[in-house]
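# Examination of the molecular architecture
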Amino acid sequence: TLDIQHRMFAQLSNIVKSISYPMLTDAATIAAAQPKPVPGTSAQLFFMNHSFKEGGMSQNDDNASTKLNTEEAALIVKFAWYLTHQNIPQSDIAIISPYLGQVKEIQRMLKKEKLGVTIAEGDAEDMAREATFDDDDDGNINDKQKVVDDGIRVATIDNFQGEESKYVLISL
């Protein structure tokens, strides 16, 4: 079991402790760390609430194997764009979601905004297997655009486990 954590700053680890790991303690280096606030805010951590309805992979498809929320994806991408315009390197930003459909939608929108994208290998394989990784109009994977080593990391939560980033945006 995890007793001491070494990655999350205290404000975030306190949330994790209150939900599922009450015995978790922060390493001394974490307890002393004071991360900078998110540019344009006074907060190191904050939540955005919205009332956008979730949809399936196709219109009115409640049986879709993955979900997406186009409006939420647009909100997340605009915030990522904002961060890059505050001189945050794209490689310091990660966007994660539990849904492969949402990851694909975010990836598509980032490219539309001319932002670099790094897709987790496991997610790219899942998208190809489900024929949902469609970088061009023909449905073909365009490898040159698929992965940019210094782009914004976009991944499912499962494929982001064990990773870290200076700025993590979560689309639930």
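Residues numbered from 1 in each chain as written. Predicted model: local features only at pLDDT ≥ 70, side-chain atom pairs only at ≥ 80, totals over all residues. Heavy atoms only, no water.

Among the five residues that make up strand 5 (residues 152–156), five are buried, leaving the element largely enclosed by the rest of the structure. Neither face of strand 5 is open: one carries Ile152, Val154 and Thr156, the other Arg153 and Ala155, and all of them are buried. Bridge analysis of strand 3 (residues 93–97) against strand 5 gives four bridges, and the strand direction is parallel. What sits directly across from Ile96, in strand 5, is Ala155. (Buried < 20%, exposed > 50% of the residue type's maximum accessible area, 1.4 Å probe, protein only. Helix = DSSP H or I, 4+ residues; strand = E, 2+ residues; numbered from the N terminus. Pairing = 2+ DSSP bridges.)

So, on to the nonpolar core. Membership of the largest hydrophobic core comes to 24 residues, with the highest contact counts inside it found for Leu83, Ile95, Ile106, Leu110, Ile152, Val154 and Leu169. Broken down by secondary-structure element, the contributors of at least two residues to this core are helix 3 (70–84), strand 3, helix 4 (100–112), strand 4 (117–119), helix 5 (121–129), strand 5 and strand 6 (167–170). Broken down by element, this core gets its largest block of residues, six residues, from helix 3. If sequence neighbours within four positions are ignored, Leu169 has contacts with Ile76, Phe79, Ala80, Leu83, Ile93, Ala94, Ile95 and Ile96. With five residues, the next largest nonpolar core counts Ala94, Ala120, Ala155 and Phe160 among its residues. (Core = buried A, V, L, I, M, F, W, Y, C linked by side-chain atoms within 4.5 Å. Contact = heavy atoms within 4.5 Å.)

Quick look at the sheet that holds strand 4 now. In space, the four strands of this open sheet follow the order 4-5-3-6, with parallel pairing throughout. The sheet is open, and its two borders are formed by strand 4 and strand 6, each paired with just one other strand. In this sheet, adjacent strand axes meet at a mean angle of 25° when their direction is disregarded. (Axes fitted to C-alpha atoms, helices over the stretch in contact; angles between N-to-C directions.)

Here we come to the packing of helix 4 against helix 5. Across the interface, helix 4 lies against helix 5 with an axial gap of 11 Å and an inter-helix angle of 100°. In terms of orientation, helix 4 lies roughly perpendicular with respect to helix 5. Of the residues in helix 5, those in contact with Leu100, Val103 and Lys104 of helix 4 are Asp123, Asp126 and Met127. Of the residues contributing to the contact of helix 4 with helix 5, the split by class is three nonpolar, no polar and three charged. (Parallel < 35°, antiparallel > 145°, perpendicular 65-115°, else oblique. Nonpolar A, V, L, I, M, F, W, Y, C, P; charged D, E, K, R; others polar.)

Bringing the pattern of salt bridges into the picture now. Once the charged atoms of two side chains with opposite charge are near each other, the side chains can pair. Using the criterion set out here, one finds six salt bridges in the structure. Taking the shortest distance from any N to any O, the salt bridge between Glu164 and Arg7 comes out at 3.2 Å. Taken together, the residues span a long stretch of sequence, with Glu164 in the loop between helix 7 (157–160) and strand 6 and Arg7 in the loop between strand 1 (4–5) and helix 1 (10–19) at a distance of 157 residues. Residue classification places Glu164 among the exposed positions, given a relative accessible area of 58%. One salt bridge in this structure joins Glu163 and Arg153, with 3.5 Å as the shortest N-O distance. Highlighted residues: Glu163 in the loop between helix 7 and strand 6 and Arg153 in strand 5, separated in sequence by ten residues. Judged by relative accessible area, Glu163 falls into the partly exposed class, the value being 38%. (Salt bridge = Lys/Arg side-chain N within 4 Å of Asp/Glu carboxyl O.)

Structural measurements only, silent on function.
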